[in-house]
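Structural characterization, general
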Amino acid sequence: MIEIIHYEPINKNKVIGHVDIKIKPWGLVIRHMQHLDNGTKRWFNWPSFFEESKNSGDKGRYIPFVEFGLSVHNAEFMEKLAIEVKAFKEKYKIADPKPLHEMMDSQWEQKEE
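Just so it is clear, the structure is predicted and the values come from calculations on it, not from any experiment.

Reading guide: rules and limits
- Residues numbered from 1 in each chain as written.
- Predicted model: local features only at pLDDT ≥ 70, side-chain atom pairs only at ≥ 80, totals over all residues.
- Heavy atoms only, no water.
- Phe/Tyr/Trp six-rings, centres within 6.5 Å; stacked < 30°, edge-to-face > 60°.
- Helix = DSSP H or I, 4+ residues; strand = E, 2+ residues; numbered from the N terminus.
- Buried < 20%, exposed > 50% of the residue type's maximum accessible area, 1.4 Å probe, protein only.
- Lys NZ or Arg CZ within 6 Å of the ring centre and 35° of its normal.
- Pairing = 2+ DSSP bridges.
- Axes fitted to C-alpha atoms, helices over the stretch in contact; angles between N-to-C directions.
- Contact = heavy atoms within 4.5 Å.

This part is about the packing of aromatic side chains. Across all of its chains, the model carries 7 aromatic pairs by this definition. Relative to F77, the ring of W46 has its centre 5.2 Å away and its plane inclined at 15°; by these criteria the two rings are stacked. Pair noted here: W46 is in the loop between β4 (42–45) and β5 (48–51) and F77 is in helix α1 (residues 71–91), with a separation of 31 residues, a long-range link. Ring centres of F68 and F77 lie 5.5 Å apart, and the angle between their planes is 55°; this geometry places the pair in the tilted category. Taken individually, F68 and F77 each receive the classification buried, so the pair is uniform in this respect. Through a chain of ring-to-ring contacts, the aromatic side chains of W26, W46, F68 and F77 assemble into a single cluster. Geometry around W43 places K41 over its ring, the cationic atom sitting 5.0 Å from the centre.

So, in structure tokens, the structure goes:
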């Protein structure tokens with residue numbers, strides 16, 4: 001059902017990658033989905049835009065360009081996407097970027113020696 005077209009590793013805040021997918025039965029291509037990691041869990045976000053808040057005290061919010069009408073369908077789709085991305089990364093030997101703290105720790109260790 002889901003074909004991974006492209007995966008690009010990234011190391012920017014919680015974003016660890018961008019993925020382009022094709023939903024085969026529909027011929028629908030969705031580009032630039034975010035792959036995120038906060039250290040305890042991983043997830044994907046639909047491409048989105050930022051909507052300013054109408055209230056001056058509120059920050060605003062990100063709204064996905066596309067999503068399923070039922071949140072249960074979104075969750076199911078994202079679970080299947082995670083499986084496909086993992087297989088794609090293994091097949092093409094795409095490693096996750098190292099978290100910044102790991103890179104910093106190794107640099108400090110080298111300087112201390």
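Strand order in the open sheet formed by 4 strands is β1-β2-β3-β4, and the pairing between neighbours is antiparallel. Every other strand in the sheet has two partners, leaving β1 (2–12) and β4 as the edge strands with one partner each. Taking each pair of neighbouring strands and ignoring which way they run, the sheet shows an average axis angle of 25°. Across the sheet, α1 lies against β1, β2 (15–23), β3 (28–37) and β4, angled at about 80° from β1, the strand it touches most.

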